Structure formats: C-alpha cells, structure tokens
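Geometric and topological summary
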Amino acid sequence: MSKTVLLATEKPFSAAARDEVVAIIKQAGYTAKVLESYKGKGPLLEAIADADAAIIRSDIVDQEVLDAAKNLKLVVRAGAGYDNIDCAAAKAKGVAAMNTPGQNANAVAELVFGMMVYLARGKFNGKTGGELRGKTLGLHAFGAVSRAVATIAKGFGMTVFAYDPFVKPEAIKEAGAEPVGSVEELYKRSQYVSLHIPATAETKNSIGKKLLSLLPKGGVLINTARKEVINEAELLEVFAERADIKYLSDIAPSDATAAVIKEKFDARVYVTPQKMGAQTEEANVNAGLAAARQIVGFFERGEKNFIVNP
Ligand code: NAD
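**Overview of the sheet that holds strand β7 (residues 159-163)**
- Taken in spatial order, the seven strands of this open sheet run β8-β7-β6-β9-β10-β11-β12, and their pairing is parallel. Edge positions in the sheet fall to β8 (178-179) and β12 (269-271), since each has one partner strand and no second.
- Seen against the sheet, helix α5 (residues 105-120) touches β6 (136-140), β9 (192-195), β10 (220-223), β11 (246-249) and β12 and runs at an angle of roughly 145° to β11.

Have a look at this one:
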C-alpha cells in the first residue's frame, strides 16, 4: 500500500527546498502531505494521524504526537540535533527516529565566522577592531560542524585546537586541528571557544564558571550548539566578574538572562534574532533531501543508517 509522508515544518524550508523534498516523496510513489507555519500542536496532531513517516525540523514529537500517529514507522529530523524527538517514547511505540547528520554543517560553520568577524570589528561601529588571523580557536566537540569550522579557520590563519573524547586524536589531526587532552586545556589555550556539543544528560548546564573562568584575557565563547548546554546563571556571574569576556550565540538565552544581558552586558554579546545556523538555501535542500531519501531507503530497502533510537 502506498505510504503517506508528512513534511511538518513549523518553521518552513525555503519553497524550493520544500518542492524538491515533495518531488522525491512523489517519485517513490508515496503521497506527500505538507504542513507548514502551523501554530500550536493541534494541526500537527491532526496531520500526523495517517502518516507512515514524517520529516520534521525543530517540531516537537513527544508522547502526545506519537499517540496521535496511528501508522507512523519513522520520523526524520532534517538536521543534526534530535532532542525535539522523545526517542524513548518513539522506540516504545516501534517508531524509528533518524537525523541527517552533517547536512547543515557548512551553514553553521559559516555563521560562526560571520559572528566572529562582526564582534572582532566592534559590531561595525566605525572604530578600530581586531582580526582573526593568528588567534587561537578551540572547538569543543569535533563532529560535522566542527570539521567545517576547522576547514574555514585555516583560511583565516587561525590556530585550531579541539577536544572530543569520542574522536581519536589522529582523526582530529587529519582534519586540521590540534587535539588537546582535556576540556580545561581547551578553554585555557583558546581565545575563541566554539561549542559544538550535543545537548545530552552529560553536557546540559556544563558550560559554566569552571570552564569560562579559564578563558584567556578577551576570551570569546560562541554557541551555535544548544541553549541547554549553557549554565546561564554562571555565564552572567562570569560576565559580572570579568569585563573582558564576550559571548556570541545563535541560540537565544532565557528571557530573564536576555534582560540582564541587555541591561548590563549588551556591548559584549551578540545573539542572532532567530536561530540562523541552518537557515541557508543549501542546508535546507541538503537536509530536506537527505531526510526524504532516508525515508525511501528505509521503506524500500530496509536501510537503517542514521537511526538514533535503535
Ligand atoms: P555531530 O553529531 O556531528 O557531532 C557532535 C560531536 O560531539 C561528536 O563528535 C561527539 O563525539 C561530540 N561529543 C558528544 N559529547 C561530548 C562531550 N561531552 N564532550 C565533547 N564532545 C562531545 O553534530 P554536529 O552536526 O556537529 O552538531 C553539533 C551541535 O550543533 C549540536 O548541538 C547540534 O544540535 C547543533 N546544531 C545547531 C544548528 C543551528 O542551527 N545553530 C545546526 C546544526 C547543528
């Protein structure tokens, strides 16, 4: 029987990317359903009811959504992080969850440099700024985004360190960064530290005073990873204690933290007005098409690569 694939994007893909995703679904002989820019959970609960598979972005797939999905076998997060899917609940219902790792890595990496240059040039205030060349950059985790950052950093003439206990030091070296032995060493040696860890039980709230205090004078923390990894109370403490520390983020902090930043530390912080990391035409297309192809591969050939809740 023909499958129904739902593309549910509260924050839609570009029209071109959406159309290409729909084309792949239709080419496989499946029915494509598109739910875009919806408000509240209701429309998703309704649309997912008869879907065999769903492609989502930051859309929340929790127990309630899974319960509403009577035929669902597979949900694919078009992107890297999948903390918006209740993976255990999905597994309990026999629903496989996948992500599309690496597809938006270059988009995020370019944003890292966009923000670094913007800050180094005093937010384009007309005054003398600084350059990135010759500076040290520490990559906290060494996955797909970090590799793309390391590649670009070479062109900028930066010295790149990386810390990732799950990646072999030789692999880090091969990708153009110098592996360091501990997370503390990374923060001590890097004028810029760029976060690329996933939000896990271990990493949540893990970036706080202990690490940030180690940054050298003028240290800059860059967060294009996840809000949850930052200990916001301690970040504000470090800001209050050290007038030299700066923060760049693609992820808005909580309203309370944002209010304090605006009042006291605005000049030293830049936060994108909306999460922008993966928001490029190219990344939309890459991640959306990968998701659609993974769904076809799963149903037609039993392909299980990229399942994150085995
Ligand atoms: P990835 O899965 O390729 O890499 C993650 C890396 O983190 C892995 O190499 C893993 O070994 C490492 N890691 C896990 N736990 C660690 C720990 N405790 N200490 C050090 N390293 C650890 O993921 P990615 O595609 O590179 O994405 C990285 C982060 O960026 C994720 O948090 C993802 O959600 C986020 N992201 C954000 C955007 C955005 O729009 N801003 C877009 C894509 C990805």
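**What to know about α5**
- Compared with the 22 Å implied by 1.5 Å per residue over 16 residues, the 23 Å span of α5 between its first and last C-alpha is a close match.
- Looking only at α5, the buried set comprises A105, A107, V108, A109, L111, V112, F113, M115, M116, L119 and A120.
- The positive-phi residue at the C-terminal boundary of α5 is G122, with phi of around 60°.

**Concerning the layout of surface pockets**
- Approximately 410 Å³ is the volume attributed to the second largest pocket.
- Looking at the second largest pocket, it is lined by 19 residues, and the ones nearest its centre are K11, S58, R226, I251 and K275.
- Of the residues belonging to the lining of the second largest pocket, the class tally is four nonpolar, four polar and 11 charged.

**Some thoughts on the nonpolar core**
- In this structure, F113, M116, L137, F142 and Y192 are the most contacted members of the largest nonpolar core, which totals 30 residues.
- Counting only elements with at least two residues in this core, the list comes to α5, β6, α6 (144-156), β7 and β10.
- Top element by residues in this core is α5. It accounts for 10 residues.
- With residues near it in sequence (within four places) discarded, M116 still touches L132, L137, M158, Y192, I222 and L248.
- Membership of the second largest hydrophobic core comes to 28 residues, among which are Y187, L236, Y247 and I261.

**Here we look at the site of the ligand**
- Surrounding the ligand, one finds 25 residues, the nearest of these being A144, V145, D164, I197 and D250.
- One nitrogen or oxygen atom from the side chain of R226 is found 3.2 Å from an oxygen atom belonging to the ligand.
- One of the backbone nitrogen or oxygen atoms of A278 is found 3.3 Å away from an oxygen atom of the ligand.
- The protein chains hide 86% of the 870 Å² of surface that the ligand would expose on its own.
- Broken down by class, the residue content of the shell around the ligand amounts to 13 nonpolar, seven polar and five charged.

**Looking at the packing of helix α1 (residues 15-27) against helix α12 (residues 281-301)**
- Contact pair α1 / α12: the axes reach a minimum separation of 9 Å and the direction vectors enclose 15°. With respect to α12, the element α1 is oriented roughly parallel. In this structure, the crossing between α1 and α12 has a hand that is right-handed. Touching A16, A17, E20, V21, I24 and I25 of α1 are E281, N284, V285, G288, L289, A292, R293 and V296, all from α12.

Calculation criteria
- Residues numbered from 1 in each chain as written.
- Predicted model: local features only at pLDDT ≥ 70, side-chain atom pairs only at ≥ 80, totals over all residues.
- Heavy atoms only, no water.
- Pairing = 2+ DSSP bridges.
- Helix = DSSP H or I, 4+ residues; strand = E, 2+ residues; numbered from the N terminus.
- Contact = heavy atoms within 4.5 Å.
- Axes fitted to C-alpha atoms, helices over the stretch in contact; angles between N-to-C directions.
- Expected span 1.5 Å × (residues − 1).
- Buried < 20%, exposed > 50% of the residue type's maximum accessible area, 1.4 Å probe, protein only.
- 1 Å grid on protein atoms, 1.4 Å probe; cavity = no way out; pocket = protein on both sides within 12 Å on 5 of 7 lines; lining within 4 Å.
- Points joined across faces, edges and corners; volume = space filled by probe spheres on them.
- Nonpolar A, V, L, I, M, F, W, Y, C, P; charged D, E, K, R; others polar.
- Core = buried A, V, L, I, M, F, W, Y, C linked by side-chain atoms within 4.5 Å.
- Near = heavy atom within 4 Å.
- Polar contact = N/O pair within 3.5 Å; in protein donor to acceptor, adjacent residues only side chain to side chain.
- Areas by Shrake-Rupley, 256 points an atom, 1.4 Å probe, with all protein chains shown as cover.
- Parallel < 35°, antiparallel > 145°, perpendicular 65-115°, else oblique.
- Left-handed = near helix turned anticlockwise from the far one by under 90°.

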